[in-house]
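# Summary of the model geometry
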Amino acid sequence: MTTMKTSSRWSGIGFQALAVLLALAFTTIVMLISGADPLQVYQNILTGAVGSPVKIADILVAWTPLLLATAGLLLTFTAGLWNIGIEGQITLGAIFTTWALRVLQPTDLPPALIITIGFIAGALGGMFWAGLVALLKIFGNVNEIFGGLGLNFVATALTIWLIFGPWKRPGVGSMSGTEPFPLELWLPTLQGFRLSPLSLAMGIIAIVIVYILLRGTYFGLRLKAVGRNGRAAFLMGIPTTRYMLMAFLLCGLMAGLAGATQVLAVYHRLIPSISSGYGFLGMMVAMLVNYQALWAAPVALFFAALNIGSIQLPIVLKLDSSLSGVLQGSLVLFVLLMDGVRRRLTRS
Amino acid sequence: MKSKRIWFVLSFVLLLTLLVSACQPAATPTQAPQPTQPPAEPQPTQPPAEPEEFIIGMLLVGPYNDRGWSQAHYDAGLYVEKKVPGVKLIYIDKVNPADRPGTTPEQLAEDLLSKGAKLIIFNSDDMKDGAINFARSHPDVPVIHASGDTSWKEGVNYIEFAKFGNTMGKMEYGKMIAGCAAALTTKTGQIGYLGPLINDETRRLTASAYLGAKYCYEKYAGKNPADLKFKVTWIGFWFNIPGFTADPTQVADDFLNSGYDVVISGIDTTEALVQASKARAAGKEVWAIPYDYEGACAEAPEVCLGVPYFNWGPAYLRAVEQVKAGTFKSYFEWLGPDWTNINNHDTSAVGYVFGDALSADAKSNVEKFIAELAGGLNLFVGPLNYQDGTPFLADGEVATDLQIWYLPQLLEGMEGQSVPSN
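About the cut-offs
Residue numbering note: each chain is counted from 1, following its sequence as written. For naming, the first written chain is A and the first written ligand is 1, with later ones following in the order written. Totals for whole chains, interfaces and linings use all residues, but because this is a predicted model, local features are given only for residues with pLDDT of at least 70 and pairs of side-chain atoms are given and counted only at 80 or more. Derived side-chain values reflect all non-hydrogen atoms in the structure, with water molecules and hydrogen atoms excluded from consideration. Under the pairing criterion, centres of Phe, Tyr and Trp rings, with the six-membered ring standing for Trp, must be within 6.5 Å; the plane angle then separates stacked pairs below 30 degrees from edge-to-face pairs above 60, leaving the rest tilted. Secondary structure elements are defined from DSSP: runs of H or I of at least 4 residues count as helices, runs of E of at least 2 residues count as strands, and each element is numbered from the N terminus. Three exposure classes are used, based on accessible area relative to the maximum for each residue type with a 1.4 Å probe and protein chains only: buried under 20%, partly exposed in between, and exposed over 50%. Counted as positive: Lys and Arg. Counted as negative: Asp and Glu. His and the chain ends are not counted at all. Any Lys or Arg side-chain nitrogen located within 4 Å of an Asp or Glu carboxyl oxygen qualifies as a salt bridge. Distance and chemistry together define a polar contact, namely a pair of N or O atoms within 3.5 Å, with one atom able to donate a hydrogen and the other to accept it when in protein, and with adjacent residues in sequence counting only for side-chain atoms on both sides. Contacts are assigned to residue pairs with any non-hydrogen atoms lying within 4.5 Å of each other. We call a pair of cysteine sulfur atoms a disulfide when they lie within 2.5 Å. Throughout, the protein atoms alone are placed on a 1 Å grid, and a set of points is a cavity if a 1.4 Å probe fits but cannot get out or a pocket if it is open with protein on both sides within 12 Å along at least five of seven lines; lining residues have an atom within 4 Å of a point. Grid points are joined across faces, edges and corners, and a volume is the space filled by probe spheres set on the points. In this classification, Asp, Glu, Lys and Arg are treated as charged, Ala, Val, Leu, Ile, Met, Phe, Trp, Tyr, Cys and Pro as nonpolar, and every other residue, Gly included, as polar. Domain segmentation is taken from an automatic or database assignment of domains. Joining two parts hides part of their accessible area as seen by a 1.4 Å probe, and the buried area is that hidden amount summed over both. Two strands qualify as a pair provided that DSSP identifies no fewer than 2 bridges between them. For helices, the fitted line uses only the C-alpha atoms of the stretch in contact; every axis is such a line through C-alpha atoms, and the angle between N-to-C directions lies from 0 to 180 degrees. Note on terminology: angles under 35 degrees are roughly parallel, angles over 145 are roughly antiparallel, angles of 65 to 115 are roughly perpendicular, and the others are oblique.

## Things to note about the packing of aromatic side chains
All names here are of chain A. For the structure on display, the rule yields 34 aromatic pairs over all chains. Here Phe219 and Tyr243 contribute two aromatic rings whose centre-to-centre distance is 5.4 Å and whose plane-to-plane angle is 25°, an arrangement assigned as stacked. Residue Phe219 is found in helix 8 (residues 218–228), and its partner Tyr243 is found in helix 10 (residues 240–267); the two are separated by 24 residues along the sequence. Assigned by exposure class, Phe219 and Tyr243 land together as buried.

This is how it looks when you write it as structure tokens:
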């Protein structure tokens, strides 16, 4: 959007602000309908999110996998791909990480090494699953949305099967998850917090890499060309297939790392909904920021804060936490809607 | 072309939003039933001292109004509110791996703590790890884990904590009574057990229902217990989570459609009762026995043979008093019914209320059975074999608490999985 003239940039910002206001208004109406006091709700979300250092750290804990997922999605979106299969890619990352830890746990390897291998395994798992989507698209002509959606279901089924079957707790048949890993295989956290500086750094590095890739490299430029007009890019000599595959694999890598983080730093075991919906949430973030890496980090942080802050709602106001999802969803909807309105107005 | 694209994007976003919101927990009704306020006291001449505020923080695995396990805990909280002036219950419900993505029980417990809770109650077996993690990082905060064994010194999972209480009712008795009522009602001689997940607790409770059924089938119905079919089908969790568990509605229907005319529920919610009611409306002569919550029969009294339920109130009341007095220490309790009146809300940890569908004849026999239990009848006495035929108890041998709590298999004569197959 660098080519945009100043006036239209300002009008763009105006429309975005309008979109945010509309989303807030819409969410407020939802609250009023459900009989809640909107001011109290917003206040509770705020204190729930930033009320204490532990809370702020918890936001960063949620931010990390969301950031990884969003960073990966920026690449696939840039290549014009709807990688809806990211949920499955996160899940496979978590499965591979769990697998690696289970295999290495009885060995004498130092825990730090096992954890490192766990991360690598997670990245491979995500790439594997993303690679399947890519192959289905490139060689099977299966649209990545359908391929990804299908593989999401397969990933969930695989998780359930592992939890009830080969990886079940001894004598237990419950979907609650596998046996937790011993403390030494937990990613070290800051004293008194659940936040691991290591995984946080990984999330930040990922988004920075994606920013640089898309902003200042030949690779990013070509990826954009593929996304804008694949046919033209192909005719100009860009190997579009290879670029699409690369986008998928890189996204899978980051999704896999997100899954690994969920296992190593948050749950310390495999649970059925190990992706925590961060893949879909990441898609919303990416759409909301119009696929620009610069804005992805703060918006993802905001979304993470909404998730953590809304935990307070059921305690104090007996409201469902999914209210934050209403706000997140309506934000995306209205921003896109306003974008459409702006284009229509500026065209005429 | 362009507008087509916008529409594509928009409809996609809409789809995504729907997907995301579908993954969120179902909306809880916004108006929680208000605890009934104690009647206004006559105005005393001296204004009484403001009672000291004491907040109980409770994590519920299911919805607070599930007519089952979680509601029994929720109501116990309200009971303590009524009994002790100044006590206030705050809670988070639907605390399980599927309903609250991205959170852990220990994290949610901290939210309760930040809202002033002085005692944290983890209400589910599923939160065992969460409760332990929380206790590790907050050793000074009194914690109760209902149904757990962490503080049982003789148990196999003992961890030493300063302020970690475990409480559980001896639901074995409730299940035996339920089994008895089922055996005295069934006409096909086939009882179905709608099982939750498989673990020590569910194995011993299912086995208890079977023992009660077998005993009453022989003694009061005068039939051969070897002819009694008792089958358990597990769904994989304490309640239905679509996509993750087997569907309890389906499981209950399968029982009812294949000759099992009584379904005993072992899950937190009331699907067995609801499906039996539907089958009855369609002309089938079937019954069900719900679980956990005293008021569970109300949903379909015409097919309800009664309900074995938990009464957590007295245990929580004691804990609150101990915390207030500063005497709260780690403990493990496994509380039996008050045999003078198993339905006494102030003294009995487990109870059984009869349902409308239980015939007068069967009811009088179940009452006799309860009197026998009160008189010391023990059904966990040998000879008893495990499901695979290996001996569990020799002739006359009485099972210890440890043997019952950690029952490794179902019993001989029961159909269904003892442990999940690979």
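## Considering the side chain of Glu87 of chain A
Residue and element names in this part refer to chain A. Mapped onto the fold, Glu87 is located in helix 4 (residues 86–104). The side chain of Glu87 sits in the buried core without any salt bridge; Arg269 is the nearest counter-charge, 17 Å away. Within the structure, the side chain of Glu87 is placed 2.4 Å from the side chain of Ser275, a separation counted as a polar contact. Ignoring sequence-local partners within four residues, the contact set of Glu87 consists of Asn152, Ser275, Gly277, Tyr278, Gly279 and Phe280.

## Considerations on the state of the cysteines
Per the stated rule, a full pass over the model turns up two disulfides over all chains. With its bonded cysteines labelled in order along the sequence, chain B shows the pairing 1-2, 3-4.

## Concerning the side chain of Asn96 of chain B
Residue and element names in this part refer to chain B. Structurally, Asn96 is set in the loop between strand 2 (87–92) and helix 3 (105–114). A polar contact of 3.0 Å, which involves the side chain of Asn96, links it to the backbone oxygen of Val61. Within the structure, Asn96 has its side chain in polar contact with the backbone nitrogen of Asp99 (distance 2.8 Å). With near-sequence residues (within four places) excluded, Asn96 lies in contact with Val61, Asp126, Phe237, Phe239 and Ile241.

## Quick word on empty space enclosed by the protein
Under the criterion given, the structure shown has seven cavities of 30 Å³ or more. By volume, the largest cavity is sized at about 110 Å³. As for the largest cavity, its lining consists of Tyr267, Arg269 and Ile271 of chain A together with Val95, Asn96, Pro97, Arg100, Thr103, Thr104, Pro105, Leu108 and Asp126 of chain B. Of the residues in the lining of the largest cavity, the class split is six nonpolar, three polar and three charged.

## Observations regarding the domain arrangement of chain B
Residue and element names in this part refer to chain B. Split by domain assignment, chain B resolves into domain 1 (54–169 + 313–335) and domain 2 (172–309 + 351–415). Domain 1 and domain 2 are separated by 28 Å when their C-alpha centres are compared. Across the boundary between the two partners, domain 1 contributes 28 residues, which contact 23 residues of domain 2. In total, domain 1 and domain 2 occlude about 2,000 Å² of area from one another, counting both sides; carbon and sulfur atoms represent 65% of this. Counting the surface domain 1 buries against domain 2, the share from its top three residues, Arg67, Trp69 and Trp334, is 33%.

## Points about the environment of Arg242 of chain A
Assignment of secondary structure puts Arg242 of chain A in helix 10. In this structure the C-alpha to C-alpha distance between Arg242 of chain A and Ala134 of chain A, which are 108 residues apart in sequence, comes to 9.9 Å.

## Here we look at the sheet that holds strand 7 (residues 229–234) of chain B
All names here are of chain B. The five strands are arranged 9-8-6-7-15 in an open sheet whose pairing can be described as parallel. Edge strands, defined here as strands with exactly one partner in the open sheet, are strand 9 (287–289) and strand 15 (414–415). For strand 7 and strand 15, the ladder comprises two bridges, and the chain directions are parallel. Within strand 15, the position partnered with Phe230 by the bridge is Met414. Against the sheet, helix 5 (residues 171–183) engages strand 6 (190–195), strand 8 (262–265) and strand 9, with an angle of about 170° to strand 8. Packed onto the sheet, helix 7 (residues 248–257) meets strand 6, strand 7 and strand 8 and runs at close to 175° relative to strand 6.

## Details of the packing of helix 12 (residues 293–309) of chain A against helix 14 (residues 323–347) of chain A
Residues and elements named next belong to chain A. Two elements in contact, helix 12 and helix 14, have axes whose closest approach is 9 Å; the angle formed by their N-to-C orientations is 155°. Compared by their axis directions, helix 12 and helix 14 come out roughly antiparallel. Of the residues in helix 14, those in contact with Phe302, Phe303, Leu306 and Asn307 of helix 12 are Ser324, Leu327, Gln328 and Leu331.

## Digging into the sheet that holds strand 2 of chain B
Residues and elements named next belong to chain B. One open sheet holds the six strands; their spatial order is 2-1-3-4-5-11, and the pairing between them is parallel. In this open sheet, the two strands that pair with only one neighbour each are strand 2 and strand 11 (331–335). Geometrically, the sheet is characterised by an average inter-axis angle of 20° between neighbouring strands, direction not taken into account. Summarising the sheet, strand 4 (residues 143–146) and strand 5 (residues 164–169) pair through four bridges and their orientation is parallel. Directly across from Ala146, in strand 5, lies its bridge partner Thr167. Here helix 2 (residues 69–83) sits on the sheet in contact with strand 1 (54–59), strand 2, strand 4 and strand 5, set at roughly 160° to strand 2.

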